[in-house]
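Here is how the chains run, residue by residue.
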Amino acid sequence: FIILSNICSCISISFLLLSSRCKTKAAMLRFQIVDVSFATLSNVFVLGYSGVISGSVSLIRNILVYKKVTVKHLPIILVSATLIVGTINFIFTEHTWYALFPIIASASYTAALCMKISYKMVKYALILNLMLWSIYGTCTKNYVSTIGYVMVMINAISTINNIEEE
């Protein structure tokens, strides 16, 4: 299953890399919807339950933010769902320190995407998110995703000055 996980990771990383090159938040989210779908599937194959939980919430978040669905308490609901389900998973299933990283990454990036902050700040939140996911990928032996996350992180850093604010 590790091979299937790494294949899904390759597809995921390709779309994440494309998203990091986008100049607008909307364009970035289109690519990240596909990215998160394959990343979640990748975590299913390596039994990375924290990754599956975070990915599922992230997919819902990206679709809602992309479609500009305005729910008054959407950020609070999504962050709370991620933290609650992730913590329950940590307590009962994955008892490793790194199992918390996808939960932290997803919750912080959800908050950044849903807040009224500049796209540049969203990009910084993406970089933090990628750092945490690369550690998780290394710990779950999903090396393709780790390498990809580091490459995307470098790419995102290099494109920060080319951002067009919406």
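Just above, that's the structure.
On a predicted model such as this, the values are computed, not experimentally measured, just so you know.

A.B. asks: Just checking my understanding: could you explain the state of the cysteines for this structure?
C.D. replies: By definition, a disulfide links the sulfur atoms of two cysteines through a covalent bond. A complete count under the given rule lists zero disulfides for this structure. Of the cysteine sulfurs around Cys 8, a residue in no disulfide, the closest is that of Cys 10, at 9.4 Å. Between Cys 139, a free cysteine, and Cys 10, which holds the nearest cysteine sulfur, the sulfur-to-sulfur gap is 19 Å.

A.B. asks: How do you make sense of the packing of helix α3 (residues 49-66) against helix α4 (residues 74-92) when you look at a structure like this?
C.D. replies: When two helices pack together, their arrangement is given by the angle between the helix axes and by the axis-to-axis distance. Packing of α3 against α4 brings their axes to within 9 Å, and their N-to-C directions diverge by 170°. For the element pair α3 / α4, the angle class is roughly antiparallel. From α3, Tyr 49, Ser 50, Ile 53, Val 57, Ile 60, Arg 61 and Leu 64 reach across to α4, where they touch Leu 74, Leu 78, Thr 82, Val 85, Gly 86 and Asn 89. Its residues assigned to classes, the contact of α3 with α4 shows eight nonpolar, four polar and one charged.

A.B. asks: I tried to follow the nonpolar core on my own but got confused; where do I start?
C.D. replies: The nonpolar side chains of a soluble globular protein tend to be buried with one another. Of all hydrophobic cores here, the largest spans 29 residues; its most connected members are Leu 16, Met 28, Tyr 109, Leu 130 and Tyr 149. Elements that contribute at least two residues to this core include exactly α1 (2-20), α2 (25-45), α5 (100-114), α6 (119-139) and α7 (143-159). For this core, the leading source of residues is α6, giving nine residues.

A.B. asks: In this structure, what is going on with α1? I would like to understand it.
C.D. replies: Side chains of residues three or four places apart in an α-helix project in the same direction, reflecting 3.6 residues per turn. With 19 residues, α1 should cover 27 Å at 1.5 Å per step; its first-to-last C-alpha distance of 26 Å lies within 8% of that length. Looking at α1, one finds that the buried residues are Ser 5, Asn 6, Cys 8, Ser 9, Ser 12, Ile 13, Leu 16, Ser 19 and Ser 20. Buried residues along α1 cover an arc of 160° about the axis, so they all sit on one side. Contacts made by the buried residues of α1 are with α2, α6 and α7.

Conventions adopted
Residues numbered from 1 in each chain as written. Predicted model: local features only at pLDDT ≥ 70, side-chain atom pairs only at ≥ 80, totals over all residues. Heavy atoms only, no water. Disulfide = S-S within 2.5 Å. Axes fitted to C-alpha atoms, helices over the stretch in contact; angles between N-to-C directions. Helix = DSSP H or I, 4+ residues; strand = E, 2+ residues; numbered from the N terminus. Parallel < 35°, antiparallel > 145°, perpendicular 65-115°, else oblique. Contact = heavy atoms within 4.5 Å. Nonpolar A, V, L, I, M, F, W, Y, C, P; charged D, E, K, R; others polar. Core = buried A, V, L, I, M, F, W, Y, C linked by side-chain atoms within 4.5 Å. Buried < 20%, exposed > 50% of the residue type's maximum accessible area, 1.4 Å probe, protein only. Expected span 1.5 Å × (residues − 1). Arc of directions from axis to C-beta.

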